[in-house]
Structures are given as structure tokens and as C-alpha cells.
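# Structural features, examined
Each chain, letter by letter, is given below.
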Amino acid sequence: MNKELAQYIVEMAQEAPKTVEVGGRTYLANRGGLKEIKDGRVSALRTNTIDSIVQYIKIPTGPAPEEWIVHVQSHNTVVLTTHPTGVDMERDVFMIAEANAPGFPTDKFLESETFMISAMARLYESAGKRLLLDFVGDIQDIEEQRVRDNGTGQTITAKSGIASVADKEVPNPVELAPFRTFCDVSQPISPFILRVRKGPEVGIFEADGGAWKTDAIRIIADHIRTALSDYTDRPVHIIA
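Attention in this report is confined to the structure presented alongside it.

Rules used in this analysis
Residues take numbers from 1 onward in each chain, read along the sequence in its written order. For this predicted model, a pLDDT threshold of at least 70 governs which residues receive local features, and a threshold of 80 or more governs which side-chain atom pairs are given and counted, while totals over whole chains, interfaces and linings are taken from all residues. As a convention, hydrogens and water are excluded, and side-chain values are obtained from all of the structure's heavy atoms. Grouping buried Ala, Val, Leu, Ile, Met, Phe, Trp, Tyr and Cys residues that are joined through side-chain atoms within 4.5 Å yields what is termed a nonpolar core. Each residue is assigned to one of three classes by its accessible area relative to the maximum for its type, calculated with a 1.4 Å probe on protein chains only: buried under 20%, partly exposed between the two thresholds, exposed over 50%. Numbering goes from the N terminus for both helices and strands, where a helix is a DSSP run of H or I of at least four residues and a strand is a run of E of at least two. Contact criterion: two residues are considered in contact whenever any of their non-hydrogen atoms come within 4.5 Å of each other. Any two strands with at least two DSSP-identified bridges between them are counted as paired. Each axis is a line fitted through C-alpha atoms, and for a helix only the stretch in contact is used; angles between axes span 0 to 180 degrees, taken between their N-to-C directions. We call two directions roughly parallel when the angle between them is under 35 degrees, roughly antiparallel when it is over 145, roughly perpendicular when it lies between 65 and 115, and oblique otherwise. Put simply, a crossing is left-handed when the front helix is turned counterclockwise from the back one by less than a right angle, and right-handed when it is turned clockwise. Think of it as three bins: nonpolar holds Ala, Val, Leu, Ile, Met, Phe, Trp, Tyr, Cys and Pro, charged holds Asp, Glu, Lys and Arg, and polar takes everything else, Gly as well.

So, on to the nonpolar core. Core analysis: the biggest nonpolar cluster contains 21 residues, and Ile57, Val78, Leu80 and Ile220 have the highest contact counts within it. Examining the composition of this core, we find that five residues originate from one element, helix H5 (residues 212-227), more than from any other. When residues no more than four places from it in sequence are discounted, the contact partners of Val78 are Ile50, Ile53, Val70, His71, Val72, Met95, Ile96, Ala97, Phe182, Ile220 and Ile224. Phe115, Met116, Leu132 and Ile139 belong to the second-largest nonpolar core, a separate cluster that totals 17 residues.

Pasting the structure below:
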């Protein structure tokens, strides 16, 4: 805005409140001051599921853009938005979904019973989960002492450590699917290293360098595409 135009607007504003259009923007001129009047923006709804975003898109009535954009930002955040509009090229954000997955205490050791409870409750059903539970359920902490007496002296041999009730090899790596993303989609499966130490204590350690997050994004996007396969009201662009 040049100096002359600004001065003109101020002079006009001193007469009576009025709106002024300048460079595609609308201002309220009142008592020598200017205040930009901006279009109202929608207030984003917040949710914890992917299916709620699908349900929102399918609402037959109410204000909606010409095209939807579903942005899968990460394994735990999905945003329903639009193309940029207005002078400021801003996007309306209609919904934000954030995963509320229970997760699993990886990369740390847990007492075997606590580990078993967490594994049963927080691991998605898979062959790896069954193998893991079968193995952990059979381990025990042993304390063994053997005494040899020849009548003139004694020899004591002590043994301490972890053993399995049955002879089983530690399953490494083991393919598991902890609840790490939205609970209404399939959980990504990834390899873990299983370790056991005295206690007995058990721990599983991630062995894929975080690649499961990329798999989760793909799973979420595929789930949305399938759920909207019969939707034709307006275009939906999925960015993942």
C-alpha cells in the first residue's frame, strides 16, 4: 500500500466507519485506524480414529470444499484439510486425528510376569506373538547347588542363571506388531530382538531402525482409500 493511498484511507475513515478494499483485502476504516477483516476459519474437530475422518467426509450436507485433502502426516497424526484459498493462501483444517495407541514398553527389561501381561494386552495377534508368549512362559530363574563329600572335605559347585523348562531356542529376531498406530487399522509388523536376563527379566528391542513408521503411514492411507472407494460426491486426495 503506497503512502498516498494510506493517507486517503485515513482521511475517509475520519468521516464515518466504512469498509475499504485494498489489494484484494478488506479493511474497516474507523476513527483514523484500519483493521483488516478476514474470512472466518473453521475450527478443527479432534478425534482419535481414522474412521471418524471417513465418516466426516461422507456427511451429505453442510459446508464442504470442492475437494478434500487427507494428509497422513505420520504414524499417529492425520489431517483433513483443503487446498489453500484467499489472499493469504491459507488452508481450512476440518479434522485432526491423533492416535491414542497403548504402545508397548520396548527397549527395556521387564519382570517376566509384567512382560507377559503387557504382551498379551498390547501386541496385535500374530504368529510372532504366540511364539513369544510360548517361549517366555517357559523360562525360569534357577539357583542350583551341588555338594560333593569324600569324607575328608567338601566341594561345592554353585550354578545360577536363566533356563527354559523345555529346551527351546530364543526366537531371534521375532516378528511382532505392538499397538503403535491408530487402533482401527492393522498394526505394522516389524522385527524385534528378544533378550532375557537374571530375574528373570525379558525385553524386546526394535531391530528395523524405525521403518515401521513408514509402513504405518502406508497402512493408514490404504485403509482410507478402501473406506472411500464408493465415495463420489467430490474428489479426495490422499497424501502419505
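Among the secondary structure elements, Met116 is positioned in helix H3 (residues 112-122). For the pair formed by Met116 and Leu133, sequence separation is 17 residues and the distance between their alpha carbons is 6.8 Å. Not counting chain neighbours up to four residues away, the residues in contact with Met116 comprise Leu133, Val136 and Gly137.

Looking now at the sheet that holds strand S13 (residues 201-206). Reading across from one edge, S8-S13-S12-S11 is the order of the four strands in this open sheet, with antiparallel pairing throughout. Looking at strand neighbours, the two that pair on one side only are strand S8 (110-111) and strand S11 (174-176), the edges of this open sheet. Of the pairings in the sheet, the one linking S11 to strand S12 (residues 190-197) comprises three bridges and is antiparallel in character. Along S12, the bridge assignment pairs Glu175 with Pro191.

The next point concerns the packing of H3 against helix H4 (residues 127-136). It is the contact of H3 with H4, at a shortest axis distance of 11 Å, that shows an interaxial angle of 160°. When the interaxial angle is binned, H3 and H4 end up roughly antiparallel. Considering how the two elements wind past one another, H3 and H4 form a crossing that is left-handed. Residues Ser112, Phe115, Met116, Ala119 and Met120 of H3 touch H4, and the partners they reach there are Lys129, Leu132, Leu133 and Val136. Along the lines of polarity and charge, the residues of the contact of H3 with H4 split into seven nonpolar, one polar and one charged.

This part takes up the pairing of S12. Pairing between S12 and S13: six bridges, direction antiparallel. Within S13, the residue paired with Arg195 across the bridge is Gly203. Connecting S12 to the next strand, S13, in antiparallel fashion are three residues, including Gly199 with a positive phi near 150°.

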